[in-house]
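Residue-level structure breakdown
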Amino acid sequence: MIVEDEWIIAANLKEMLQGLNYEVCSVVFSGEDAVKRAEDDRPDIILMDILLRGEMDGIEAAENITAFLNIPIVYLTSYTDDKTLQRAKATDPFGYIIKPFEKRELRIIIEMALYKHNMEMKLREKSRQLEELNRNLETKVRDEIEKGRKKEHMLIQQSKLAAMGEMMVAISHQWRQPLNVIGLLIQDLEEAYAFGEIDKCYIENMSRESMAQLAFMSNTITDFYNFFKPNKDKVSFDVNQAVEDVISLVHVQLRSMDIHIHNAVVSGIATGSSAVAGLVIKGYPGEFQQVILNILNNARDAIIKRRQGGEFATINRGEIDITLRRDPQKAVIKIKDNGPGIPDNIIDRIFEPYFTTREDGIGIGLYMSKVIVESHMGGRLYVENSENGAMFTIELNA
Ligand SMILES: Nc1ncnc2c1ncn2[C@@H]1O[C@H](COP(=O)(O)OP(=O)(O)OP(=O)(O)O)[C@@H](O)[C@H]1O
Ligand SMILES: [Mg+2]
């Protein structure tokens, strides 16, 4: 677009531009017209004479246009006083063409202005994208954190359910024996009646034995309940007692598979009493017991796998050794099995969520155990292969 009030110059300029293969969309003679036509025609560039007759000079017209439209402006000037030039400069023009000018100059200045404008647009777009990216990044980070929290929560629930399933199996094993005994007692009662053997002594015996069996069953339920009781605050608890409680829940089931658990407290701490001095730490006993249960279940699965042979030398009797040790600063629990051990190529991955090599495994047992021991209780959980099978170590700060 040309804004020039001397029509001879305007016509000359138009011809030159067309000669240079530019398209001239409009030629206007006043600042007011320039503002109006710029809005309608949206030219790629405006060649603006500074001194225009009428109310509005070129500089003011340029200010009006650039306030609303993103169009590069090049001023056309002949002799101009300093003050005007300063005003022109303040509008940040893309160049000046000093009258009179030649075709070659005109072309260079227009091309430079278009190039500069193009670059500015790109830059503006890039910084807009960058700003948006920044904003998105912030929300993304927030979303991811939230997602992570949700996922962890879900995993905790999932592993609780899995553990609960395991416990149900353990309880059903625990109950088989006392239910059998009670069944036999009732059978015997019928026979005793038929043979007239029922007397006070018989009744007393019968009732004592039944109550003993019921007490045993009821204990199982109490253990089970303690195990799943949610822990809100850290409490002091005896690590040895907690381990023994888990063992008492699962040992019947394990024994039925010819898997035997040995547990011992080593290194200078008096054994025998149920609360072993020095093995009391602060933490979450229910969650800690879940860790022990996860590791015991894995040991059981590993032993069964080794029994099935395949690539491993088979064994018959399953052994799980648990040792508890009190170091000056921490309690150390080691759980060792005589399964096949963990192959070198996966040993770094077994604590990852959903990593499993078992057909019906979910792969969250060890992940959750690590979260519980390390994030919730500030301890350490790691694994190594012993001379025979895997060995897991839990370190808890006293
Ligand atoms: N004592 C062990 N001996 C050999 N391999 C083991 C032992 N414990 C764990 N692993 C390996 O680590 C993997 C991950 O164990 P993790 O307890 O996390 O999951 P999982 O037992 O497969 O499934 P689930 O979620 O049901 O516990 C197992 O699939 C197994 O390959
Ligand atoms: Mg497991």
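Here the structure is shown first, and the text comes after it.
Cut-offs and rules
Residues numbered from 1 in each chain as written. Chains lettered and ligands numbered in written order. Predicted model: local features only at pLDDT ≥ 70, side-chain atom pairs only at ≥ 80, totals over all residues. Heavy atoms only, no water. Helix = DSSP H or I, 4+ residues; strand = E, 2+ residues; numbered from the N terminus. Rg over C-alpha atoms; globule rule 2.2 N^0.38 Å. Buried < 20%, exposed > 50% of the residue type's maximum accessible area, 1.4 Å probe, protein only. Contact = heavy atoms within 4.5 Å. Areas by Shrake-Rupley, 256 points an atom, 1.4 Å probe, with all protein chains shown as cover. Lys, Arg positive; Asp, Glu negative; His and termini not counted. Charge placed at Lys NZ, Arg CZ, Asp CG, Glu CD. Axes fitted to C-alpha atoms, helices over the stretch in contact; angles between N-to-C directions. Left-handed = near helix turned anticlockwise from the far one by under 90°. Nonpolar A, V, L, I, M, F, W, Y, C, P; charged D, E, K, R; others polar. Near = heavy atom within 4 Å. Polar contact = N/O pair within 3.5 Å; in protein donor to acceptor, adjacent residues only side chain to side chain. 1 Å grid on protein atoms, 1.4 Å probe; cavity = no way out; pocket = protein on both sides within 12 Å on 5 of 7 lines; lining within 4 Å. Sits in = over half its atoms within 2 Å of the grid points.

All right, on to the overall build of the protein then. Along the protein, the regular secondary structure elements total nine helices and 12 strands. Its C-alpha atoms give the protein a radius of gyration of 44 Å, more than 25% over the compact-globule value 21 Å for 398 residues. Its C-alpha atoms put the protein at 140 × 50 × 45 Å along the principal axes. Counting across all 398 residues of the protein, residues that qualify as buried make up 41%. Of all intrachain contacts in the protein linking residues separated by at least 6 positions in sequence, the fraction that spans at least 24 positions is 68%. With an accessible surface of roughly 23300 Å², the protein has 54% of that area assigned to carbon and sulfur atoms. For the protein, the centre of its 47 positive side-chain charges and the centre of its 61 negative side-chain charges are spaced 3 Å apart.

The next subject is the packing of helix H5 (residues 103-194) against helix H8 (residues 285-307). At their nearest, the axes of H5 and H8 sit 11 Å apart, and the two run at 65 degrees to each other. For H5 against H8, the interelement crossing comes out left-handed. Of H8, the residues touching H5 (which contributes Ser159, Lys160, Ala163, Glu166 and Met167) are Gln290, Leu293, Asn297 and Arg300. Of the residues contributing to the contact of H5 with H8, the split by class is three nonpolar, three polar and three charged.

Contacts to ligand 1 come from 19 residues, most closely from Asn298, Asp337, Thr356, Thr357 and Gly363. The separation between an oxygen atom of ligand 1 and a polar side-chain atom of Arg358 is 2.9 Å. For ligand 1, an oxygen atom lies 3.4 Å from a polar atom in the backbone of Gly365. The protein chains hide 90% of the 600 Å² of surface that ligand 1 would expose on its own. The pocket occupied by ligand 1, as judged from atoms lying within 2 Å of grid points, is the largest pocket. Put simply, the parts of the chain that give the shell around ligand 1 at least two residues each are H8, helix H9 (365-376) and strand E12 (390-397). In terms of residue count, the dominant contributor to the shell around ligand 1 is H8 (three residues). Across the shell around ligand 1, the residue classes break down as 10 nonpolar, seven polar and two charged.

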